[in-house]
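These are the residues of each chain, in order.
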Amino acid sequence: MTDVATVQRQKGVALWRQIADKIRANISAGEYDSTGMVPPETVLAEQFGVNRHTIRSALAALGQEGIVRAMQGRGTMIEVKDRFNFPISRRTRFTQGIGRQARDIEGFLLSSAREIATAEVARWLKLAPGTEVIRLEAVRKADGRALSRATTWFPAARFEGIAEVFAKTGSVTKALSEFGVGDYLRDKTEITARHAEPDDVATLELTPGAIVLVTRALNTDPDGEPIQYSITRFPADRVQFTIGG
């Protein structure tokens, strides 16, 4: 169970935000499953060594995320919402991965640009310095819930016009097929977690301080040629990963 030792007063992150993260983690771990309720404010205040106002701020943030709900006269109830399971495998596809878990899956292009690859993008896509790439910013939703925001780069010489195709189809797989890539493979995936940045808070409809899972992923064509590098942010309270072969 979380305790005061895990809250750092000089960490640079507001106490209420740290506490909200800890309570969110405890809910995910099933620590309150026996009652379906978050412990009373007085208990949490003593546990974390803070006043009740700080606890209320943390619970209010979790309430805005839809994780908990205040019940007058009863306390704070946990809102049970199943996470979407997103499999990461040799052939990772958003639509197929979510599959039967949702009735409606959508993809929206937020913006696009033709630009010079940064050192990081060039390294992942194995491009020479100064090579141009196409960058897409996109959000994917399932049953109206935003599940991911992705920043994706493609070699411009091979995929000129892919932004327009994605805007029409809402699918990377369909867009790639328009360029003769009928199949592609996941070469590498790195997974980290962090607080959502302001743009992601707005696009993914999160509260400040919410945790996102971040994947850095490289896809190649069947010949092993890098075709797509993506940095994708997933709300940690809506999505979990299953790692497969």
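Residues numbered from 1 in each chain as written. Predicted model: local features only at pLDDT ≥ 70, side-chain atom pairs only at ≥ 80, totals over all residues. Heavy atoms only, no water.

Q: Sorry, what's going on with the packing of helix 1 (residues 15-28) against helix 3 (residues 52-64) here?
A: When two helices pack together, their arrangement is given by the angle between the helix axes and by the axis-to-axis distance. Contact pair helix 1 / helix 3: the axes reach a minimum separation of 8 Å and the direction vectors enclose 55 degrees. Judged by the angle between their axes, helix 1 and helix 3 are oblique. Seen along the crossing, helix 1 lies across helix 3 with a hand that is right-handed. Between helix 1, through L15, W16, I19, A20, I23 and R24, and helix 3, the contact on the second element is made entirely by T54, I55, S57, A58, L59, A61 and L62. Of the residues contributing to the contact of helix 1 with helix 3, the split by class is 10 nonpolar, two polar and one charged. (Axes fitted to C-alpha atoms, helices over the stretch in contact; angles between N-to-C directions. Helix = DSSP H or I, 4+ residues; strand = E, 2+ residues; numbered from the N terminus. Parallel < 35°, antiparallel > 145°, perpendicular 65-115°, else oblique. Left-handed = near helix turned anticlockwise from the far one by under 90°. Contact = heavy atoms within 4.5 Å. Nonpolar A, V, L, I, M, F, W, Y, C, P; charged D, E, K, R; others polar.)

Q: What's the story with the packing of helix 2 (residues 41-48) against helix 3 in this structure? I'm lost.
A: For the pair helix 2 and helix 3, interaxial distance at closest approach is 9 Å and the crossing angle is 105 degrees. Overall, the two elements helix 2 and helix 3 adopt an arrangement that is roughly perpendicular. Contacts between helix 2 and helix 3 pair E41, T42, L44, A45 and F48 from the former with R52, I55, R56 and L59 from the latter. Class assignment for the residues of the contact of helix 2 with helix 3 results in five nonpolar, one polar and three charged.

Q: It is not clear to me how the pairing of strand 6 (residues 132-142) should be interpreted in this structure. Could you clarify?
A: Consecutive residues of a regular strand have side chains that alternate between opposite faces of the sheet. In terms of burial, strand 6 is largely enclosed, as nine of its 11 residues are buried. Summarising the sheet, strand 5 (residues 105-116) and strand 6 pair through 11 bridges and their orientation is antiparallel. Bridge pairing in strand 6 links I105 to A142. In textbook terms, the turn of a hairpin is the stretch between consecutive antiparallel strands, and for strand 6 and strand 7 (residues 145-155) this stretch comprises two residues, one of which, D143, has a positive phi near 50 degrees. (Buried < 20%, exposed > 50% of the residue type's maximum accessible area, 1.4 Å probe, protein only. Pairing = 2+ DSSP bridges.)

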